[in-house]
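Geometric and topological summary
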Amino acid sequence: MKKVLLLLLIILVFTCSDNTGTGNAESENSFFYTSSLSFEEIVVCSDLTFPPTLAVGDLDNDGDTDIVSGISYLEHKIYYYLNDGTDKNFSRKSMNDDIPYNNFRTWIFDFNKDGYNDCLAISTSSEHAIYLNNKNGSFTETSLSETYHSYVLADDRDNDGDIDLFLNNVYLENDGSCNFSETAMSYYFNSADQMETADLNSDGTKDIVVLQDDHKNISYFLNNTLTTFSSEVSIADATEFFKEIRLEDLDKDGDVDIIGTEDYSDLIYWWENDGSLGFTRHTISFEITGPYGIETSDIDNDNDIDIIATYEEDSKTAVWLNDGSMNFHMETVSNEYGASLVNVTDFNSDGYDDIIVTYYNGVVIFLNTM
């Protein structure tokens, strides 16, 4: 009997070690991993219609995290959800009256530096707006020029402590009071579906990575000055359809890598930066239909970067846990929602990041209870 048990143990160890990856996950059990991840599900709302936006931040200065999510197809409203401090109960309010455009994405920043967070809302048309916080539970809309029809990049571009904007070929410099001056840029980002910024070549300035051409091309532009860039360099061709991208030093080697979800092949890729702007593509996920939203976080607090992904068609929210050697193992968070957008923040300040997603009818939080 002992010999049989020993043989079974040897077979089990051999099977686990034989599936160990070399950086690209090829199966759900690509390496032996024991996870203690667990989550408590909190339904914030379940009566929306295809909420297209998601942002988190403290809107009422009470020290907890609130949520912004809008409706584009029917009501044309931006809703925000105030946290009562328990991280489980949220009261809904409308940030605006019925607006004439489809709200596409929202961000939370303090645009006028008054100590209260405001909200930037961009649309699928050319009407974008900043909602300034009145400090009393209401917001005042400040419209941006209707000539800007593109994705918006919000970032402190000039490092003066306030949030500036990129729209199309225009740089809008914030004076710190939410007054913007325009400067033309050297490149026209009219076809941008998403824009992210980071220092790709470690020269101390912020470069731009763009998902563009109807989600079929990922390119980067090296920064020369605030408004001028080097020529476009493409790292992904037009045969694929990328839903979202993120920038992160995924392998923790000191330079910024690129992560993206790809719809046609149902894969998650990451492009490894060699430090000299040479990018090598690796595959992380497989055989799960419809990857959409993506975020990065050390979700299990083991000092490496994990990937959180949503899958519309498979109705899945999942974590791809990094073993520290760039082998990724999938842990399912939920199979109940056709989730799209995802965000990560520590809602309950317990030292562990939590996950928030939008789905067809609402918003759900998964509190990390590991």
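Residues numbered from 1 in each chain as written. Predicted model: local features only at pLDDT ≥ 70, side-chain atom pairs only at ≥ 80, totals over all residues. Heavy atoms only, no water.

1. Re empty space enclosed by the protein
- Inspection of the entire model under this criterion finds one cavity of 30 Å³ or more.
- The computed volume of the largest cavity comes to approximately 40 Å³.
- Lining the largest cavity are Leu-153, Asp-155, Arg-157, Asp-164, Leu-165, Phe-166 and Thr-197.
- Contributions of two or more residues to the lining of the largest cavity are made by strand E10 (152–155) and strand E11 (164–167).
- In terms of residue count, E11 provides more of the lining of the largest cavity than any other element does, three residues in total.
- For the lining of the largest cavity, the class distribution of residues is three nonpolar, one polar and three charged. (1 Å grid on protein atoms, 1.4 Å probe; cavity = no way out; pocket = protein on both sides within 12 Å on 5 of 7 lines; lining within 4 Å. Points joined across faces, edges and corners; volume = space filled by probe spheres on them. Helix = DSSP H or I, 4+ residues; strand = E, 2+ residues; numbered from the N terminus. Nonpolar A, V, L, I, M, F, W, Y, C, P; charged D, E, K, R; others polar.)

2. Examining the sheet that holds strand E15 (residues 207–212)
- Strand order in this open sheet of four strands is E14-E15-E16-E17, and the pairing throughout is antiparallel. The strands lining the two open edges of the sheet, one partner per strand, are strand E14 (192–198) and strand E17 (233–236). If you compare each strand with its neighbour and ignore which way they point, the axes differ by 25 degrees on average.
- With six bridges joining them, E14 and E15 adopt antiparallel strand pairing. Across the sheet, residue Ala-192 finds its bridge partner in E15, namely Gln-212. (Pairing = 2+ DSSP bridges. Axes fitted to C-alpha atoms, helices over the stretch in contact; angles between N-to-C directions.)

3. Comments concerning the environment of Glu-40
- As for its position among the elements, Glu-40 is in strand E1 (residues 39–45).
- For Glu-40 and Asp-354, which are 314 residues apart along the polypeptide, the C-alpha to C-alpha distance reads 9.6 Å.
- The contact partners of Glu-40, leaving out residues within four places of it in the chain, are Lys-88, Ile-365, Phe-366, Leu-367 and Thr-369.
- Among the polar contacts listed, one links the side chain of Glu-40 to the side chain of Lys-88, at a separation of 3.1 Å. (Contact = heavy atoms within 4.5 Å. Polar contact = N/O pair within 3.5 Å; in protein donor to acceptor, adjacent residues only side chain to side chain.)

4. A word on unusual backbone geometry
- One non-glycine residue, Asp-266, adopts positive backbone phi at about 60 degrees.
- You can call Asp-266 buried: its relative accessible area is 19%.
- The phi torsion at Leu-277 lies on the positive side, around 70 degrees, for a residue other than glycine. (Buried < 20%, exposed > 50% of the residue type's maximum accessible area, 1.4 Å probe, protein only.)

5. Notes on the sheet that holds strand E20 (residues 267–273)
- The four strands lie next to each other as E18-E19-E20-E21, forming an open sheet whose pairing is antiparallel. Of all the strands in the sheet, the pair left with one neighbour each is strand E18 (242–248) and strand E21 (279–283). With direction set aside, neighbouring strand axes in the sheet form an average angle of 20 degrees.
- Relative to E20, strand E19 (residues 257–262) runs antiparallel, the two sharing five bridges. The partner of Thr-261 across the bridge, within E20, is Ile-268.

Any functional reading would require information beyond the geometric quantities listed.
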